Amino acid sequence: MRKVTKAVIPAAGLGTRVLPATKAQPKEMLVIVDKPSLQYIVEELVESGIEDIIIVTGRNKNSIEDHFDFSFELEKTLERDGKDELLEKVEKISSMANICYVRQNHPKGLGHAILKARPFVGDEPFVIALGDDIIYNPETPVAKQLIENYEKFGSSVVGCQAVDLKDVSKYGIVAPARKIDNKTCEISDFVEKPDVEKAPSRLACLGRYLLTPKIFEYLAKAKPGKGGEIQLTDSILDMMKDGEKVVAYDFDGERYDIGNKFGLLKANIEFGLRNEETRDELRSYLENEFNIDKK
Ligand code: G1P
């Protein structure tokens, strides 16, 4: 079995749900406490053993490349001023992984974005981490959990959690079949954003996948699905129908949907309460100064 060392982050979306914040900057660069959201995802991947990351971008996404690049002037200035701690933080960003970029150039959907990474991924199993989903687990990052399951079962893995019934139409929903263990089951169907009445379950794919390279064969011949877009969900289902095993894994971790305004605010508050520098002040503000009745 091949070691999983590659990951793809699709980051070409327009971020319309958080406009106007995303008018001139990528949604992946919106800040959560002191880091752009994309950095949380890159760190999760690196901590999971990923070495090569392919970010699928589009127009107006140049600041992503700048952020993960070496910044000569900044690093020299921090060094000159003796700001060692900051220097270390900045240096780490450009050295933690081998990151390369490919442009999607036509917004044809998530499946199409993943297909763009094919020449870089080649014939290897790989992780997909969607930029809207930050998943917090300080013990075992979610990508690592997926890799462990891939190593255990030798099959593709879709990272899932149960969502409220009213929310099923926002996600790819799996129909669970035979239980494999407490956290893993086989899948009998996979539907992209079903209507509430038609949803096969409440088990939603929440932005993490580990797929074998076989998926590219299906993405290459995929037809537009929900919303007229090439859907990754549909290609995973097609691959399963041809006998390729895919399991759903109920991952451990707290997920933040930062592609919408409330999710971004929630992430900022909760990560702010975890961050050493902001924790005490934020807690005291929320407990003592912030009076919701007066707002
Ligand atoms: C995408 C996928 C969907 C998945 C979701 C998780 O949808 O198509 O299957 O459940 O991400 O966040 P999007 O939110 O990009 O429309």
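Here the structure is shown first, and the text comes after it.
(A) Spatial organisation of the nonpolar core. In terms of nonpolar packing, the biggest core is built from 49 residues, with Leu-45, Ile-53 and Val-127 touching the most fellow members. Per element, the largest residue contribution to this core is six residues, and it comes from helix H7 (residues 142-153). Sequence-distant contacts of Ile-53, that is, excluding residues within four places in its chain, are made with Ala-7, Ile-9, Val-42, Leu-45, Val-46, Ala-97, Asn-98, Ile-99 and Cys-100. In terms of nonpolar packing, the next biggest core, distinct from the first, is built from 32 residues, Val-121, Cys-160, Phe-216 and Leu-232 among them.

(B) Just helix H10 (residues 261-274), in detail. Across its 14 residues, H10 extends 20 Å between first and last C-alpha, which sits within 8% of the 20 Å expected from 1.5 Å per residue. Those residues of H10 that are buried are in contact with strand E2 (31-32), helix H1 (37-47), strand E7 (133-136), strand E13 (254-257) and helix H11 (279-289). At the N-terminal boundary of H10, the capping side chain belongs to Asn-260, with an oxygen 3.1 Å from the backbone nitrogen of Phe-262.

(C) Spatial organisation of the pattern of salt bridges. Tallying each qualifying case throughout the model produces 26 salt bridges. Across the pair Asp-133 and Arg-255 runs a salt bridge whose closest N-O atoms are separated by 2.5 Å. Within this pair, whereas Asp-133 is found in strand E7, its partner Arg-255 is found in strand E13, the two being separated by 122 residues in sequence. The exposure classification of Asp-133 matches that of Arg-255, with both residues buried. The shortest N-O distance in the salt bridge between Glu-287 and Arg-283 comes to 3.5 Å. Separated by four residues within a single helix, Glu-287 and Arg-283 lie in helix H11, roughly one turn from each other.

(D) Quick look at a nonpolar patch on the surface. A contiguous nonpolar surface patch, about 220 Å² in accessible area, is contributed by Ile-269, Tyr-285 and Leu-286. Note that Tyr-285 resides in helix H11.

(E) Broad picture of H7. With 12 residues, H7 should cover 16 Å at 1.5 Å per step; its first-to-last C-alpha distance of 17 Å lies within 8% of that length. For H7, the set of buried residues is Val-142, Ala-143, Gln-145, Leu-146, Ile-147, Asn-149, Tyr-150 and Phe-153. Positive phi appears at Gly-154, one or two residues downstream of H7, with a value of about 65 degrees.

(F) Structural view of the packing of aromatic side chains. In this structure the tally under the stated criterion is six aromatic pairs. A ring pair is formed by Tyr-40 and Phe-271, whose centres lie 4.9 Å apart and whose planes are at 65 degrees; its orientation type is edge-to-face. In this pair, Tyr-40 is assigned in helix H1 and Phe-271 in helix H10, connecting sequence segments 231 residues apart. Ring centres of Phe-126 and Phe-216 lie 5.2 Å apart, and the angle between their planes is 5 degrees; on these two criteria the pair is classed as stacked. With Phe-126 in strand E6 (residues 126-129) and Phe-216 in helix H8 (residues 215-220), this pair connects stretches of sequence that are 90 residues apart. Residue Phe-216 is classed as buried on the basis of its relative accessible area of 1%. Site record: aromatic cluster; members linked through ring pairs are Tyr-40, Tyr-136, Tyr-256 and Phe-271. A cation over a ring is seen here: Lys-221 above Tyr-218, with NZ or CZ 4.6 Å from the ring centre. The aromatic ring of Phe-271 is capped on one face by Arg-274, whose charged end is 4.9 Å from the ring centroid.

(G) Layout of the site of the ligand. Surveying the vicinity of the ligand reveals 13 residues, the closest of which are Asp-133, Gly-172, Glu-192, Lys-193 and Cys-205. One of the side-chain N or O atoms of Glu-192 is found 2.7 Å from an oxygen atom in the ligand. Here an oxygen atom of the ligand and a side-chain polar atom of Thr-233 are 3.4 Å apart. Contact with the protein chains removes 80% of the 380 Å² of surface that the ligand exposes when unbound. In a pocket analysis with a 2 Å cut-off to the grid points, the ligand is assigned to the largest pocket. No other element matches strand E11 (residues 203-211), which puts three residues into the shell around the ligand. Class assignment of the residues belonging to the shell around the ligand gives a composition of five nonpolar, four polar and four charged.

Here is what the cut-offs are and how they apply
Residues numbered from 1 in each chain as written. Predicted model: local features only at pLDDT ≥ 70, side-chain atom pairs only at ≥ 80, totals over all residues. Heavy atoms only, no water. Core = buried A, V, L, I, M, F, W, Y, C linked by side-chain atoms within 4.5 Å. Buried < 20%, exposed > 50% of the residue type's maximum accessible area, 1.4 Å probe, protein only. Helix = DSSP H or I, 4+ residues; strand = E, 2+ residues; numbered from the N terminus. Contact = heavy atoms within 4.5 Å. Expected span 1.5 Å × (residues − 1). Polar contact = N/O pair within 3.5 Å; in protein donor to acceptor, adjacent residues only side chain to side chain. Salt bridge = Lys/Arg side-chain N within 4 Å of Asp/Glu carboxyl O. Patch = residues over 30% accessible without salt bridge, like charges linked within 9 Å, V, L, I, M, F, W, Y side chains within 5 Å. Areas by Shrake-Rupley, 256 points an atom, 1.4 Å probe, with all protein chains shown as cover. Phe/Tyr/Trp six-rings, centres within 6.5 Å; stacked < 30°, edge-to-face > 60°. Lys NZ or Arg CZ within 6 Å of the ring centre and 35° of its normal. Near = heavy atom within 4 Å. 1 Å grid on protein atoms, 1.4 Å probe; cavity = no way out; pocket = protein on both sides within 12 Å on 5 of 7 lines; lining within 4 Å. Sits in = over half its atoms within 2 Å of the grid points. Nonpolar A, V, L, I, M, F, W, Y, C, P; charged D, E, K, R; others polar.

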